[in-house]
Amino acid sequence: MDGFTAMAIFFGVLAFGIFYALGRYHPMTGPEVLDWKPTRSYEDEVALELEDVEQMLEAQNARRRADGRPELTEEGLEAEVHRQLNDQRARARAYEDDQR
C-alpha cells in the first residue's frame, strides 16, 4: 500500500470518527439542532385519520344505498378485517406446516 492510499484511509476514518463523536455526544438532539417541529400534533393526525375513515365509509354507504345493498358500519367493517386477518394467518400457518 502506498503512502497516498494510507493517508486517504486514515483521514477518512478520522473524519468518520469526528462526525460520529459529534453526533453521539452532542448535548442537543437532531431536531433541536435544526429547530424542527412537527407541523401537526399526533392528536390532530388521529382526529384527521378518523374523519377520513368516516368520510370514506359514508361515501361507500351512499353508493351501497344507490345500489340497494345494505350499509356498512364501522363495527361490521372491523369484524370483516379481523376475519380476513385470521383467515390469512391460518393460511400462512398451513403453508408453513406444508413446508416442514
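So, here's what we can say about the structure. Computed from a predicted structure; not experimentally measured. (Residues numbered from 1 in each chain as written. Predicted model: local features only at pLDDT ≥ 70, side-chain atom pairs only at ≥ 80, totals over all residues. Heavy atoms only, no water.)

**A look at the packing of aromatic side chains**
Now for step 1: Under the definition given, this model contains 2 aromatic pairs.
Now for step 2: With a centroid separation of 5.3 Å and 70 degrees between ring planes, the pair formed by F10 and F11 is classed as edge-to-face.
Now for step 3: On the accessibility criterion, F11 (45% relative accessible area) is partly exposed.
Now for step 4: An angle of 20 degrees between the planes, with centres 6.3 Å apart, marks the rings of F16 and Y20 as stacked. In this pair, F16 and Y20 are both assigned in helix α1 (residues 3–25), 4 residues apart and thus about one turn of the helix distant. (Phe/Tyr/Trp six-rings, centres within 6.5 Å; stacked < 30°, edge-to-face > 60°. Buried < 20%, exposed > 50% of the residue type's maximum accessible area, 1.4 Å probe, protein only. Helix = DSSP H or I, 4+ residues; strand = E, 2+ residues; numbered from the N terminus.)

**Let's talk about the pattern of salt bridges**
Now for step 1: In this structure the tally under the stated criterion is 7 salt bridges.
Now for step 2: Taking the shortest distance from any N to any O, the salt bridge between K37 and D35 comes out at 2.8 Å.
Now for step 3: Residue K37 is classed as exposed on the basis of its relative accessible area, which comes to 57%.
Now for step 4: Residue E80 pairs with R83 through a salt bridge whose shortest N-O separation is 2.5 Å. Of this pair, E80 and R83 both sit in helix α4 (residues 74–99), separated by 3 residues, roughly a single helical turn. (Salt bridge = Lys/Arg side-chain N within 4 Å of Asp/Glu carboxyl O.)

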